[in-house]
Amino acid sequence: MTAATVVGASALTMVRPGLGWLVAALAGTAALVTAVLGTTATPPTTPGPGPGPTSTTTAATPPRPTSPGPTSPGTVAATPTATPAPPAAATTARPGATGAPGRAAQVAWAAATIALVAVGTVRAAGWLFALCLLGAAVTGTLAVTGGRSPLGMLVAATLPPAATVRALPWAVRGLRVGQPAASGIAVGRILTSLAISAGLLLLFGLLFSSADAVFENLVTGLLPDVSSVGVLGWLARLALIGGALLGGAFLVSRPPDLEGLRPTPPRPAHRLEWTLPLVLLVALFSVFVLVQLTVLFGGAGHVLRTAGLTYAQYARGGFWQLLAVTALTLLVIAIAARRAPKATRADRLLVRVLLGTLTGLTLVIVASALYRMQVYADAYGATRLRLVVATIELWLGLLFVLVGVAVVRLRADWLPRLVIGTAVLALLGLALVNPDRLIAERNVDRYLQTGRLDVSYLSGLSADAVPALARLPEPMRVCALGQIAAELPSDGLWGTNLGRDRARRELSTIPLTARADCNGARTW
């Protein structure tokens, strides 16, 4: 745990994403896996009055009769065989332990966390890495807590800060000199070995650095900044990472029981009480969908004749409303599925018909919203916000497909985990398509067709967009790439990034010394 904390604090680069984040994530994961293996190798036992584990004592000692007085031999023989089983099971089972499915889910969340953090090594877009870090915080929490139910996932989000505080006395007890570690070696001896190792590495590292300049540069990149600001930053990262790993180790060593956190089933509503609002809502959705189909098949001419707007104005005016409708419909379906009665076959059929129809109509609305965004981007160009919102709409469409499956099966216990899982896949898919480069390519293609280009916006993209912007003719290319090249410093070892490295190679082949009036021609 200590080694992972030191590696993470030394490798993290706070200015821009890079290889250090992935190294820190891998080191932290290895430390937590070691904590899990140490816990499973030595299962906890509750000390009892006699020697050995409590489970053995409980199973061997017959319980005392509950009432005084003489009893028949048959009664005495029946009592110990009927009652000891539950206490023995309770003492041998670890509280909050998850079975094989729960452990597999935690492994999947851990892999998703590493994949999200690894985006910072491949892509140079800082905004994308920030979104992936938020997703990694969620998946990392689920990896150490194992929450599966909706309420369990919500409670799991509050556990890591509290676990860090509760783990402090636990860690102090574990660090007492002379106390055996999980491997059987005293902690004091482990610390002595680490100190000797650090001294040897420092001595021979200095000698090798003075003997070879290339090796010296490598060692310099590995070592943290020794200035006052650098040391303070390193200590702050050490405290944050150490606290996070300590809390995570406490949670994986003593997993909380989140499976029992399930809300009590509500009282089923009367059939008319929930059917009437849904029937009216389905009717409203049907009328709107018919209008949308007319617009989709009628094209721009129909919009100009009926609404008096350009097609881009029509698309811009309704996308955000349709996005809100899509999100609110998910809430309506969730409440209706929970409150609707399902006791009889007729009730179940009614639930499937109404909620299935509403789900299908909403999928058409999702398609309409995506089409509007496509037309809007064609008219005004692609931007980060438009791409992210379109990705969210695609994710909501996938959620409605999953909701449709849950409505048909009338079971949705698996749906909350897939909601987060599909969100992670959407983030990774966004990173896979390289959003800044995709935006640049769309705008360059639009310029080659229409002659319109917002150079000021494109010059603010990350280094991922350099290969696409290199296709522009002069002087647009100089104006678009000049600012990116000026803000592309060299990376150290921990700041290694494939996107920035490719941009440097591309920029080395492009002469950017030509002067262009970029201030007077922000758009073409």
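Residues numbered from 1 in each chain as written. Predicted model: local features only at pLDDT ≥ 70, side-chain atom pairs only at ≥ 80, totals over all residues. Heavy atoms only, no water.

## Overview of the overall build of the protein
When you go through the protein residue by residue, the secondary structure sums to 22 helices and 0 strands. Going through the 524 residues of the protein one by one, you find that 38% of them count as buried. Taking the contacts inside the protein whose residues are at least 6 apart along the sequence as the reference set, 76% of them involve residues at least 24 apart. Total accessible area on the protein is roughly 28700 Å²; 70% of this is exposed by carbon and sulfur atoms. (Helix = DSSP H or I, 4+ residues; strand = E, 2+ residues; numbered from the N terminus. Buried < 20%, exposed > 50% of the residue type's maximum accessible area, 1.4 Å probe, protein only. Contact = heavy atoms within 4.5 Å. Areas by Shrake-Rupley, 256 points an atom, 1.4 Å probe, with all protein chains shown as cover.)

## Overview of unusual backbone geometry
Backbone torsion omega between glutamate 474 and proline 475 reads 5°, so that peptide bond is classified as cis. Of note, proline 475 is situated in the loop between helix H20 (466-469) and helix H21 (476-486).

## A word on the packing of helix H15 (residues 345-380) against helix H16 (residues 384-409)
Working note: a packed helix pair is described by the angle between its axes plus the distance between those axes. Viewed as axis vectors pointing N to C, H15 and H16 meet at an angle of 165°, and their least axial separation amounts to 9 Å. As the angle between them shows, H15 and H16 are arranged roughly antiparallel. Between H15 and H16 lies a crossing whose hand is left-handed. For the contact of H15 with H16, a count of residues per class yields 16 nonpolar, 5 polar and 4 charged. (Axes fitted to C-alpha atoms, helices over the stretch in contact; angles between N-to-C directions. Parallel < 35°, antiparallel > 145°, perpendicular 65-115°, else oblique. Left-handed = near helix turned anticlockwise from the far one by under 90°. Nonpolar A, V, L, I, M, F, W, Y, C, P; charged D, E, K, R; others polar.)

## Regarding the nonpolar core
Core analysis: the largest hydrophobic core is formed by 66 residues, its most contacted members being Leu128, Leu453, Leu469 and Leu472. Trp274, Leu322, Leu396 and Phe400 belong to the second largest nonpolar core, which has 27 residues in total. (Core = buried A, V, L, I, M, F, W, Y, C linked by side-chain atoms within 4.5 Å.)

## Things to note about the packing of aromatic side chains
Going through the model one piece at a time under the given rule, you end up with 1 aromatic pair. Aromatic side chains tryptophan 21 and phenylalanine 129 sit 5.3 Å apart centroid to centroid with 75° between the ring planes, which places their arrangement in the edge-to-face category. Taken together, the residues span a long stretch of sequence, with tryptophan 21 in helix H2 (residues 19-41) and phenylalanine 129 in helix H7 (residues 126-145) at a distance of 108 residues. (Phe/Tyr/Trp six-rings, centres within 6.5 Å; stacked < 30°, edge-to-face > 60°.)

## Considering the pattern of salt bridges
Following the criterion strictly, the structure yields 6 salt bridges and no others. Where aspartate 436 meets arginine 384, a salt bridge forms, and the shortest distance between an N and an O atom there is 2.8 Å. Taken together, the residues span a long stretch of sequence, with aspartate 436 in helix H18 (residues 435-450) and arginine 384 in helix H16 at a distance of 52 residues. Arginine 384 gets classed as partly exposed once you look at its relative accessible area, which sits at 23%. The closest approach of N and O atoms between arginine 471 and aspartate 445, which form a salt bridge, is 2.7 Å. Here aspartate 445 lies in helix H18 and arginine 471 lies in the loop between H20 and H21, a separation of 26 residues in the sequence. (Salt bridge = Lys/Arg side-chain N within 4 Å of Asp/Glu carboxyl O.)

## Section: helix H17 (residues 415-432)
Between its first and last C-alpha, H17 extends 25 Å over 18 residues, near the 26 Å set by a 1.5 Å rise per residue. Trailing H17 by a residue or two, asparagine 434 shows a phi angle of about 60°, which is positive. (Expected span 1.5 Å × (residues − 1).)

## Digging into the side chain of arginine 446
Note that arginine 446 resides in helix H18. Despite its burial, arginine 446 pairs with no opposite charge, the nearest such side chain being aspartate 378 at 7.2 Å. (Lys, Arg positive; Asp, Glu negative; His and termini not counted.)

## Remarks on a nonpolar patch on the surface
Together, Ile196, Leu200, Leu203, Phe204 and Leu207 line one region of the surface with nonpolar side chains, adding up to about 490 Å² of accessible area. Summarising the element assignment, leucine 207 is placed in helix H10 (residues 187-211). (Patch = residues over 30% accessible without salt bridge, like charges linked within 9 Å, V, L, I, M, F, W, Y side chains within 5 Å.)

## Details of the side chain of aspartate 436
A relative accessible area of 0% means that aspartate 436 is categorised as buried. Looking at aspartate 436, its side chain comes within polar contact range of the side chain of tryptophan 127, at 3.1 Å. Separated by 2.6 Å, the side chains of aspartate 436 and serine 462 make a polar contact. Excluding anything up to four places from it in sequence, aspartate 436 contacts Ala125, Trp127, Arg384, Leu461, Ser462, Asp464 and Ala465. (Polar contact = N/O pair within 3.5 Å; in protein donor to acceptor, adjacent residues only side chain to side chain.)

## Comments concerning the confidence of the model for the protein
Per-residue pLDDT for the protein has a mean of 75; in total, 69% of the residues score no lower than 70. Low confidence marks residues 42-98, where pLDDT is under 50. Its contacts with residues over four positions away, or in another chain, come to 29 contacts. (pLDDT = per-residue confidence, 0-100.)

## Overview of the environment of glycine 147
With respect to the secondary-structure elements, glycine 147 resides in the loop between H7 and helix H8 (150-156). Given the relative accessible area of 2%, glycine 147 is considered buried. When the C-alpha atoms of glycine 147 and leucine 258 are compared, they prove to be 5.8 Å apart, with 111 residues separating the residues in sequence. If near-sequence neighbours (up to four positions away) are discounted, glycine 147 is found in contact with Leu142, Gly152, Met153 and Leu258.

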